[in-house]
Amino acid sequence: MRHEYRPPQRRSRLTRRGRLALFLGTLIAIGAAVLIPILRGGEAPQTPRTLLIPEGWRAPQVYAAVDRELKLPPGSTKAAVPTAGLALPAEAKGNPEGYLFPATYPVTSSSTPATLLAHMVRTANEKLATRAVADGGRAHGMTPYQTATLASIIEAEAESRADMGRVARVVHNRLAKSMPLQMDSTINYALNRSTLDTTLSDTRIDSPFNTYERQGLPPTPIDSPGLQAMAAAVAPTPGDWLFFVTVKQGDTRFSATYEEHKKHVAEFNRLRVNAGPRTGQAGPAGK
C-alpha cells in the first residue's frame, strides 16, 4: 500500500508571555476547585441551644429533659445509658443517678443522648475531684461515690442552701452513732414520688432506700446534687444535732435531743392541721 508522504510538523512553542498566562490560568483553576468546597462548608457557626439541669433532679427527669430537647421519642435517652460509655465509678454499677451534674449544657445539631450524658458525668467527676471535696471526703472516710450519695440527701432535705451544712451535720452525727438516718427523701425515692407527707406505713416499706429501718447511706444517690451540697457533705457545720424539722417555709429547727425535737414536731403538726398539708417537712424521727 502506498503511503502518502507528510512532512514532519513543527511543534508549537509557547512564548514567555504564553507560558506565564498558562501558569496563572492553572493556579486560578486550582484555587477555584479548592475554594468551592470551602465556600460550601464555611457556613456561619451555629449558636448552641442550652439545656438546664436543676439541682435535685432525679435521673428520669434528666432523661426526659434530654429527650424533649433533642426531640426524641420518650425513653430514648434512658435506653442510651448502657452503651454511652459513661465514666462512672464501679460502685455505681452502671447507674448514673447522682452523676448527672446540675448545670447548663450546650446543645447543637451534633448532640446526642450519649454526648450530653457523658458531659454531665464528666462534670460530676470534676466537681467531686476538686481539692476541697476530695480531701474533705477522704477525711471523713468516704469515697467520691459515697460523697455524692450523702450530698444527694442533703440536696433533697435542706430547705435552703444555708441549712445544707446543718443537715449534713445531722447525717454525720447519726452515722457516727450508728443511728438510722430516717430521711423521708429516701422513702420518696423508693416510692418514686415527691411529697412532704410520709406516713407510718411508708416508713415500713421493704426497700434498700428505707433509711428508717436500714442503717447507713442508701445504696445509690437519690438525685443530682450540686456543688454546694457536695461541699456541705464533706465540711458540715459544727454541732451536736441529731434531729431537724422544717416547721414552716423558712423555719427549719435542729435539735440535739429527742425531747426538744418532739416539741418542734408538735409545732409542725399543729401548723399542718391549721393550714392543711405541705406546711413543712419532718426530719429524722419526725413521725
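Before reading further, recall that the structure is shown in the block above.
The structure reproduced in this document is the subject of the present report. From a predicted model like this one, the values you see are computed outputs, not experimental measurements. (Residues numbered from 1 in each chain as written. Predicted model: local features only at pLDDT ≥ 70, side-chain atom pairs only at ≥ 80, totals over all residues. Heavy atoms only, no water.)

## Topic: helix H7 (residues 164-176)
Given a rise of 1.5 Å per residue, 13 residues ought to cover 18 Å, and the 18 Å separating the end C-alpha atoms of H7 matches this to within 8%. The buried fraction of H7 is high, at 10 of 13 residues. Within H7 the residues assigned to the buried category are Met-164, Gly-165, Val-167, Ala-168, Arg-169, Val-170, Val-171, His-172, Asn-173 and Arg-174. Lining the buried residues of H7 we find helix H6 (144-157), helix H9 (227-234), strand S3 (243-248) and strand S4 (251-255). (Helix = DSSP H or I, 4+ residues; strand = E, 2+ residues; numbered from the N terminus. Expected span 1.5 Å × (residues − 1). Buried < 20%, exposed > 50% of the residue type's maximum accessible area, 1.4 Å probe, protein only. Contact = heavy atoms within 4.5 Å.)

## Some remarks on the packing of aromatic side chains
Aromatic rings in a pair are described by how distant their centres are and how their planes are angled relative to each other. Here the structure, examined in full by the defined rule, presents 5 aromatic pairs. Ring plane angle 20° and centroid distance 5.9 Å describe the contact between Tyr-99 and Tyr-145, whose orientation is recorded as stacked. Here Tyr-99 is found in the loop between helix H3 (76-80) and strand S2 (104-107), whereas its partner Tyr-145 is found in helix H6, with 46 residues between them in sequence. Overall, the relative accessible area of 1% leaves Tyr-99 in the buried class. With centroids separated by 4.9 Å and ring planes inclined at 55°, the aromatic side chains of Tyr-189 and Phe-209 adopt a geometry described as tilted. On the criterion of sequence distance, the pair formed by Tyr-189 in helix H8 (residues 184-190) and Phe-209 in the loop between H8 and H9 is long-range, its members being 20 residues apart. Exposure remark for Tyr-189: the relative accessible area of 18% places this residue in the buried category. Put simply, the rings of Trp-241, Phe-244 and Phe-254 touch in pairs and so form one group of aromatic residues. (Phe/Tyr/Trp six-rings, centres within 6.5 Å; stacked < 30°, edge-to-face > 60°.)

## Observations regarding the pattern of salt bridges
Where charged atoms from two side chains of opposite charge come close, those side chains can pair. Enumeration over the complete set of coordinates arrives at 10 salt bridges. The residue Asp-135 makes a salt bridge to Arg-131 at a minimum N-O spacing of 3.5 Å. Of this pair, Asp-135 and Arg-131 both sit in helix H5 (residues 131-139), separated by 4 residues, roughly a single helical turn. Assessed through its relative accessible area of 34%, Asp-135 is described here as partly exposed. For Arg-131, a relative accessible area of 72% gives the class exposed. Close ionic contact of Asp-202 with Arg-193 constitutes a salt bridge, the shortest N to O distance being 2.7 Å. Residue Asp-202 is classed as buried on the basis of its relative accessible area, which comes to 11%. (Salt bridge = Lys/Arg side-chain N within 4 Å of Asp/Glu carboxyl O.)

## Thoughts on the nonpolar core
Leu-51, Tyr-99, Leu-100, Met-120 and Ile-154 are the most contacted members of the largest nonpolar core, which has 51 residues in total. Looking at this core, the elements with two or more residues in it are helix H2 (59-69), S2, helix H4 (113-128), H6, H7 and H9. Dropping the residues within four chain positions of it, Ile-154 is found in contact with Met-164, Val-167, Ala-168, Ala-229, Ala-232 and Ala-233. (Core = buried A, V, L, I, M, F, W, Y, C linked by side-chain atoms within 4.5 Å.)

## Thoughts on unusual backbone geometry
Although it is not a glycine, Lys-93 sits at a positive phi angle of roughly 55°. Positive phi outside glycine occurs at Asn-192, with the angle close to 55°. Tracing the backbone shows Asn-192 in the loop between H8 and H9. Take Asn-192: its relative accessible area is 62%, and that puts it in the exposed class.

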